[in-house]
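Notes for the structure review
What follows is each chain in one-letter form.
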Amino acid sequence: MSNAAAASQTSDLTTPTPALWLELNRLEANIRSMHGHLHALGVTLRPHLKTCKSIDVARLLLAAGAERFTVSTLAEARYFLAHGLTDLLYAVGIAPGKLAQCSALMQAGLKLTITLDSAAAAKAVAEAANRHACHYRVLLEIDCDGERAGFAPDAAALIDAATTLEKSGCHVEGVMTHAGGSYHCHDSDCLQRAADNERDMTVAAAERLRKHGFAAPVVSIGSTPTAAFAHDLSGVTEARPGTYVFQDLVMVGLGVCGLDDIAISVLSEVIGHRAGPGELVVDAGWMALSADRGSAERGLDCGYGLVCDVAGNVLEGLLVKHVNQEHGVIAHRDGRPLEMHKYPLGCRLRILPNHACATAAQHAGYHVCDSSVDTGMYWERCTGW
Ligand SMILES: Cc1ncc(COP(=O)(O)O)c(C=O)c1O
């Protein structure tokens, strides 16, 4: 759609702004596409719910065949358990101070798996296992690309940790990794190499554990870019992508999806005009968009988000150039002044997120829409830790 057409859209929508807009048809298509791809590669999905933090989205994942899930906080674990999800992996290295909460969740019926990546953490879990009479299920985190955390697949500490855990009655389920380095790729060859490397490193670590007598049945990988670009996952048992349900501008920059696949956006309203530079002011600042600048590193720098009309058509060249807490400044990418009369006070615009998890986290829930029409459904999100 042309920018001129957008101008006429002083929409009569009543949804208060700023609001998190979720396009149901795009969400469903993203789920279908990733699940079909991984199913064809013979891998079970354990979707990461940190992106959506919503039981309504999780229900769509269940309907698509997912049976177990990943979470990034114990608040998510409590919330999803309360809504009937009973098999969850808490995929952040365990803090000793959280082990009592983990035991309580397991006693409440949750099949909880925790992760750790050091001999010290294994010792802390073994001690808590004795203290709470609790046989924790554990995945050992492998560092596949030097990006964040984990054992090297050939580290002596990997075997030591597994030994400490099993001696205390805990269950070493296997290994997991997150190929965070894939986010730095600039082309599909790099992404395929990252996917192969993620597989090879985790499979090697699991085989090493098996050689030392541990069953290690689970080999868990996970990131949206590597899951999307994987072509052979031999030896891997499950994948944990999360961002794919919504997609975002970082994923567009990586070549994982197109702009038309992004399922969430922030509905905002023009609240003023900066006549000098020819810019718009909208009621969506970093509190509504997040301050994430992830797209700057990849492909095209999208500022704090790309701008669409209410129907979701991208307005060529328009981006959020600057944010304050509740104000966003929209400008043309090349600095040319915008024609203000096309965007009168009250004109509604939608802003695509750099990083879906970060933008969604600024909101209490989703206004579920069918393209430009609010269905009236509101899906709450879980918050806190
Ligand atoms: C441990 C772990 N697993 C899976 C994921 C999902 O990756 P993505 O956000 O690329 O879908 C993440 C993301 O941070 C993660 O930390």
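Heads up: the structure comes first, above all this text.
We now turn to the structure provided with this report. (Residues numbered from 1 in each chain as written. Predicted model: local features only at pLDDT ≥ 70, side-chain atom pairs only at ≥ 80, totals over all residues. Heavy atoms only, no water.)

Right, let's get into the state of the cysteines. Scanning the entire structure with this criterion turns up one disulfide. Here Cys185 connects covalently by a disulfide to Cys190, the sulfurs 2.2 Å from one another. Note on the Cys185 and Cys190 pair: the S-S dihedral is about -65 degrees, so by sign convention the disulfide is left-handed. Not engaged in a disulfide, the cysteine Cys102 finds its nearest cysteine sulfur in Cys134; these two sulfurs lie 8.1 Å apart. Classification of Cys102 by relative accessible area gives buried; the value is 0%. (Disulfide = S-S within 2.5 Å. Buried < 20%, exposed > 50% of the residue type's maximum accessible area, 1.4 Å probe, protein only.)

Taken in spatial order, the eight strands of this open sheet run 2-9-8-7-6-5-4-3, and their pairing is parallel. Because the sheet does not close on itself, it has two edges, and the strands there are strand 2 (44–45) and strand 3 (69–71). (Pairing = 2+ DSSP bridges. Helix = DSSP H or I, 4+ residues; strand = E, 2+ residues; numbered from the N terminus.)

Neighbouring residues of the ligand: 15 residues in total, closest Arg148, Tyr183, Thr224, Gly242 and Thr243. In the model, an oxygen atom of the ligand is placed 2.8 Å from a nitrogen or oxygen of the Arg148 side chain. Arg240 places a polar side-chain atom, nitrogen or oxygen, 2.9 Å from a nitrogen atom of the ligand. Bound to the protein, the ligand loses 92% of the 390 Å² it would expose on its own. A molecule is said to occupy a pocket when more than half its atoms come within 2 Å of that pocket's grid points, and by this definition the ligand occupies the largest pocket. Across the shell around the ligand, the residue classes tally to five nonpolar, seven polar and three charged. (Near = heavy atom within 4 Å. Polar contact = N/O pair within 3.5 Å; in protein donor to acceptor, adjacent residues only side chain to side chain. Areas by Shrake-Rupley, 256 points an atom, 1.4 Å probe, with all protein chains shown as cover. 1 Å grid on protein atoms, 1.4 Å probe; cavity = no way out; pocket = protein on both sides within 12 Å on 5 of 7 lines; lining within 4 Å. Sits in = over half its atoms within 2 Å of the grid points. Nonpolar A, V, L, I, M, F, W, Y, C, P; charged D, E, K, R; others polar.)

These results come straight from atomic positions and should not be treated as a statement about function.
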